[in-house]
Amino acid sequence: MRNIFMLLLLLCLYTSVTAKEYMGNIIVGTYAKYAAAENNYKDLQKRLDADKRIHRLKEKHGFRYISRVSDHYSIIAIEPFYDDHVRSAVFAVVKKLFPKAYLNTLPSKTLLAKYEDERIPVGGAETGTGMTASADGPQTSEKLSSGNTALQWAAVALFFGLLFFHLFQHRRQKARIAALEHENTQLKEQNGDLQSINAEHERTMNLREEMLGKMTSKLHKPMKEIVGKSRHVLTSELSEQQSNELKTIKSSGEMMFEIVDDLLDFMKIRSGKLALKNSIFNINHLLDNVVKAVIDRIHRKDVEVVFEIEKGVPAKLIGDPVRLGQILTNLIENAVKFMDQGEVRMFVGRNDEAKEGEEEIVLVFAVTDNGIGIKEEEIDQIFAPFYQSRETDGSGLGLAISKELTGLMNGQLGVRSSYGEGSEFTLTVTLGIAGVNEKRQYRLPDSAYKKREILVIDYHDHAATALKKMLEYFHNNVDIIPGVELKNSVPEMSGYDMVFISEKLFTFPVVKHLHHIEAETRPKIVVVGSMLHKPLRTNAVKQMADKRLMKPLNQQRILELIIEFYGQESATEDGTISVMDEMTELALKAQRQKREITKENFSEFSGAKILAAEDNEINQKVLQGLLKESGIKLSIAGDGKEALQMLKENREYDLILMDANMPVMDGYEATERIKSNPKFSKIPVVALSGSTMPEDIDMMLEHGMDDHMAKPIQISAMYEIFEKYLERSRKTEEVAQEAAVHQRSGKELYVYEDGLKRAGGDPALFAEVLLEFRSLYSHSVSAFEAMMAKQQYALVKQLSLDIKGVAANIGAYRLSKAAETLQTADFSKEDGSTLLERYRSVLVDTLKVLDEQLTERKAVAKV
Ligand code: ADP
């Protein structure tokens, strides 16, 4: 549209420019009546055409006789003229013929065109008055032509105006487009610059992080050396000054250690490299480890830690115990650090009602102290990295790390505090429940659930109440006597089965009172100290106490205590014990220790090939000595590099024992290389290290080590590792199978003698083991079914690995094999339910044989 308009304008312009110059016209007459005009027109035509000169001029110059009609009158004119002489010549003739004729000034071409269009045949008489026309005529005619001219000029002006406007707009648009393009290019350039700056920045950051990571882990080793060595030197004879200086070196080293560790952790979390584990753990063990870690970091002070664990909290949970422990350690450590004396309480409870068959639980951990508290304006800042309201030994990263870890666990960490009065940190996390089908969290022999009369004497109310609850869980009746009451008189203790008394309250009058009670009726005395206090090893404690426990206590430790005091009693009372889970684990472990594994037991693994990477010559000798007559082939490498070399020389090893800290190449790096090489990645690597700190063990596992064995090496621990990772030598199996053939019919799947031998040849003990095995694994099929339904194959493998080992231990070889098929199955290809069916039938057979065996033994025993 716009273009068409422009074309029209250009056309107009062209016409106006190309037209010859117009000299005006001759108005022959103006007539009011049309008829007069027509007559005069004809007359004019006739007369002028008769004039040869005019006729020639007309031919040559192209003027015409025209009659036009306007609104009120008609005009006869001769036009157009482009030559003044011609017009004058014609005018001279016309004037003679029509005396009223006159010369007209220039009319606009537009009007002319219009008049031409309106040409009509003319007629009518000339009016006299029409020549009012003579007076008006020229005026009117002039008006018309000047109007035409004005319009023409206006059009031209309009055209030019529009043209200029258009051109102006066009130029402006062009300028704007150019400016935009320029800007665009600039932005692109800037963007490119920013991108490369960004990439550069990221590269630098990565490099920095990598460098920092490397640096910190490099620092880790010498610091460990400093701390370890100074710890060692501090135990030898030194002058006081030397000793003090060394102590400073040690504590500074430890502090640096902590900072570096925190920094490493923080960077790992921030760079998204920290993956949480999902393993089964016992909450009580976790809490014990937390306290141990706190004690390691805090100098002894007059503060007690109390755990208040709600009844509904399952003992076995699924989550990342190391990281959860890290958060709790930080919270308890801070609480202890920022108070001088009193109690730090940690409440552990669930935040909702228990539901039947629930698989997850939201746990709330609330750590309360009555320390210095936090100012209101600081509350939001304490979770920021490196924030410290006062200079302490910490890195200022503890809460920042805790917050990040809580986030990774989809949990929440918050705080309420009153400055000068104390603080409460609350952590909420969702954890899996491991023993969903277990009704009782802590299994005691049924008969051990006895209404025993127990007295608790403590000067801290919370600690006493918490202990009372734990004891009541096992159906005991508990009385509490506050410590202050002991100032006046010693309470009567004779009627009680057990007395728990705070270490500080175990004074001479108490001891005297106890001496007065007859030995048979004297209660069992449990002296309760605090892990954070200096232990009071008085003679009285040594002589009178049946047991010394350390606060904070937990359900598991109370359970262990009751088993220790009354376990045996209950076993003999009703002949059978139904002990499960924790208890069995403990019992099995204890039995293993009782069995006193000697180095002769290593021959069970004869033929196995072990590579030990160990730089310390004494340790090398110890290993060689231990395995000398076992038939195990032991090769020794002096460092990680040598170990790799030996592996490459195509020697097939069944197990690698790897010292963590070695010169040239340490155990971590060597393990990483082994695990990243598909040729060797399946060989189990067990770390050998002096540290048993969860963080260190975690680091070992993170570097790909499959397990950890503490130094100095203990035979029983080494045996456990071998049991886990080495096949029993063929010889032993063959012997066992031969023995099985000689068993009475129907018992081939079980070799009693083998089991008995492993239980140290003690039939009573072995009977207990069998009972425990029975109660622990008789329901394993339903446990497997539940795991498979939820596709928890890792748990299936874990449980089947346990069963495989334990079954082989008691001589149930076929069951061990059946468990092994579950443990090694590829559930993406194999049908789990078929394998489980096979397992079930072997288990049923095995249990039948075990029952027969037990009845037989009982009968024999009675005889
Ligand atoms: P640090 O390692 O220095 O203790 P954290 O991140 O653990 O660092 O704590 C940061 C700061 O939060 C502490 O310096 C202290 O000011 C404050 N804070 C943490 N816990 C407590 C508490 N229980 N009572 C008082 N102040 C606390």
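Look a little higher up for the structure.
Residues numbered from 1 in each chain as written. Predicted model: local features only at pLDDT ≥ 70, side-chain atom pairs only at ≥ 80, totals over all residues. Heavy atoms only, no water.

*Asks:* What am I meant to see in the packing of helix 23 (residues 763-777) against helix 25 (residues 793-810) here?
*Replies:* The axes of two packed helices give the description: the angle between them and the distance between them. The contact between helix 23 and helix 25 brings their axes to 11 Å, and the two run at 155°. By the angle class used here, helix 23 and helix 25 are roughly antiparallel. Read as a crossing pair, helix 23 and helix 25 show a hand that is left-handed. On helix 25, the residues that touch Phe766, Val769, Leu770, Phe773 and Tyr777 of helix 23 are Leu799, Asp802, Ile803, Val806, Ala807 and Ile810. For the contact of helix 23 with helix 25, the class distribution of residues is ten nonpolar, no polar and one charged. (Axes fitted to C-alpha atoms, helices over the stretch in contact; angles between N-to-C directions. Helix = DSSP H or I, 4+ residues; strand = E, 2+ residues; numbered from the N terminus. Parallel < 35°, antiparallel > 145°, perpendicular 65-115°, else oblique. Left-handed = near helix turned anticlockwise from the far one by under 90°. Contact = heavy atoms within 4.5 Å. Nonpolar A, V, L, I, M, F, W, Y, C, P; charged D, E, K, R; others polar.)

*Asks:* I keep staring at the site of the ligand and nothing clicks. Help me out?
*Replies:* The ligand sits among 21 residues. The nearest are Asn334, Lys337, Gln388, Ser389 and Leu399. Between the ligand and the protein, one listed contact pairs an oxygen atom with a side-chain N or O atom of Gln388 at 2.5 Å. A distance of 2.7 Å separates an oxygen atom of the ligand from a polar atom in the backbone of Leu399. Burial of the ligand by the surrounding chains reaches 98%, relative to a free accessible area of 540 Å². Those elements giving two or more residues to the shell around the ligand turn out to be helix 9 (321-337), helix 10 (398-408) and strand 11 (422-433). With four residues, helix 9 is the largest single contributor of residues to the shell around the ligand. (Near = heavy atom within 4 Å. Polar contact = N/O pair within 3.5 Å; in protein donor to acceptor, adjacent residues only side chain to side chain. Areas by Shrake-Rupley, 256 points an atom, 1.4 Å probe, with all protein chains shown as cover.)

*Asks:* Hey, could you run me through the sheet that holds strand 1 (residues 25-31) in this one?
*Replies:* Strand pairing in a sheet relies on backbone hydrogen bonds, with the paired strands running either antiparallel or parallel. Strand order in the open sheet made by the four strands is 2-3-1-4, with antiparallel pairing throughout. Two strands in the sheet have a free side with no partner beyond their single neighbour: strand 2 (64-69) and strand 4 (102-104). Across this sheet, the average inter-strand angle for adjacent strands is 35°, counted without regard to direction. In terms of strand pairing, strand 1 meets strand 4 through three bridges, oriented antiparallel. Counted as the bridge partner of Ile27 is Tyr102 from strand 4. (Pairing = 2+ DSSP bridges.)

*Asks:* When you look at the nonpolar core in this model, what are you seeing that I'm missing?
*Replies:* Soluble, globular proteins show a tendency: their nonpolar side chains are buried together. Residues Leu287, Leu324, Leu328, Ile332, Met346 and Phe365 are the most contacted members of the largest nonpolar core, which totals 52 residues. Sequence-distant contacts of Leu324, that is, excluding residues within four places in its chain, are made with Phe281, Leu286, Phe365, Met409, Leu427, Val429 and Leu431. Core analysis: the next-biggest nonpolar cluster, separate from the first, contains 37 residues, Val796, Ala818, Ala825 and Leu854 among them. (Core = buried A, V, L, I, M, F, W, Y, C linked by side-chain atoms within 4.5 Å. Buried < 20%, exposed > 50% of the residue type's maximum accessible area, 1.4 Å probe, protein only.)

*Asks:* Looking at this structure, I do not really get the packing of aromatic side chains. What am I missing?
*Replies:* By the definition in use, this model includes eight aromatic pairs. Here Phe63 and Phe81 contribute two aromatic rings whose centre-to-centre distance is 4.9 Å and whose plane-to-plane angle is 35°, an arrangement assigned as tilted. Placement of Phe63 in the loop between helix 3 (52-61) and strand 2 and of Phe81 in the loop between strand 3 (74-79) and helix 4 (84-97) is noted, with a sequence separation of 18 residues between them. With 6.5 Å between their ring centres and 70° between their planes, Phe383 and Phe425 make a pair best called edge-to-face. Here Phe383, found in the loop between strand 9 (360-369) and helix 10, pairs with Phe425, found in strand 11; they are 42 residues apart in sequence, far enough to count as distant. The buried category is assigned to Phe383, whose relative accessible area is 16%. (Phe/Tyr/Trp six-rings, centres within 6.5 Å; stacked < 30°, edge-to-face > 60°.)

*Asks:* Help me understand the pattern of salt bridges, please; the structure alone is not making it clear to me.
*Replies:* Should the charged atoms of two oppositely charged side chains come close, the side chains can pair. For the structure on display, the rule yields 23 salt bridges. Close ionic contact of Glu79 with Arg68 constitutes a salt bridge, the shortest N to O distance being 1.5 Å. Placement of the pair is Glu79 in strand 3 and Arg68 in strand 2, with a sequence separation of eleven residues. A salt bridge links Arg774 to Asp851; the nearest nitrogen and oxygen atoms lie 2.6 Å apart. One end of the pair, Arg774, is in helix 23; the other, Asp851, is in helix 27 (residues 832-862), with 77 residues separating them in the sequence. For Arg774, a relative accessible area of 25% corresponds to the partly exposed category. Put simply, Glu304, Asp458 and Lys551 are held in one network by salt bridges that share partners. (Salt bridge = Lys/Arg side-chain N within 4 Å of Asp/Glu carboxyl O.)

*Asks:* Help me understand the side chain of Ser800 in this model?
*Replies:* Along the chain, Ser800 falls in helix 25. On the accessibility criterion, Ser800 (0% relative accessible area) is buried. In terms of polar contacts, Ser800 uses its side chain to reach the backbone carbonyl oxygen of Val796, at 2.7 Å. Every residue in contact with Ser800, bar those within four places of it in the chain, is listed here: Phe784, Ala819, Leu822 and Gln823.

*Asks:* Would you explain the sheet that holds strand 18 (residues 633-637) in this entry?
*Replies:* Read from one edge to the other, the open sheet built from five strands follows the order 18-17-19-20-21, with strand pairing classed as parallel. In the strand order of this sheet, the two ends are held by strand 18 and strand 21 (707-710), each with one partner. On average, each strand axis in the sheet is inclined to that of its neighbour by 25°, with strand direction left out of account. The pairing of strand 17 (residues 609-613) with strand 19 (residues 655-659) spans four bridges and is parallel. When the sheet's bridge partners are listed, Ala612 is paired in strand 19 with Leu657.

*Asks:* In this structure, what is going on with helix 18 (residues 667-676)? I would like to understand it.
*Replies:* An α-helical turn contains 3.6 residues, so any two residues separated by three or four positions project in the same direction. Taken as a whole, helix 18 has its buried residues at Gly667, Tyr668, Ala670, Thr671 and Ile674. The buried residues of helix 18 occupy one face: seen down the axis, they fall within an arc of 165°. (Arc of directions from axis to C-beta.)

*Asks:* Hey, could you run me through helix 16 (residues 617-627) in this one?
*Replies:* Asn619, Gln620, Leu623, Leu626 and Leu627 are the residues of helix 16 that are buried. Looking down the long axis of helix 16, one finds its buried residues gathered within 130° of arc, a one-sided arrangement. Looking at helix 16, the residues exposed on the side facing more than 90 degrees away from the buried face are Glu617, Ile618 and Lys621. Packed against the buried residues of helix 16 are strand 17, strand 18, strand 19 and helix 20 (715-725).

*Asks:* What's the story with a nonpolar patch on the surface in this structure? I'm lost.
*Replies:* A surface patch of nonpolar side chains, about 280 Å² in accessible area, is lined by Phe160, Phe164 and Leu167. Secondary-structure assignment places Phe160 in helix 6 (residues 132-234). (Patch = residues over 30% accessible without salt bridge, like charges linked within 9 Å, V, L, I, M, F, W, Y side chains within 5 Å.)

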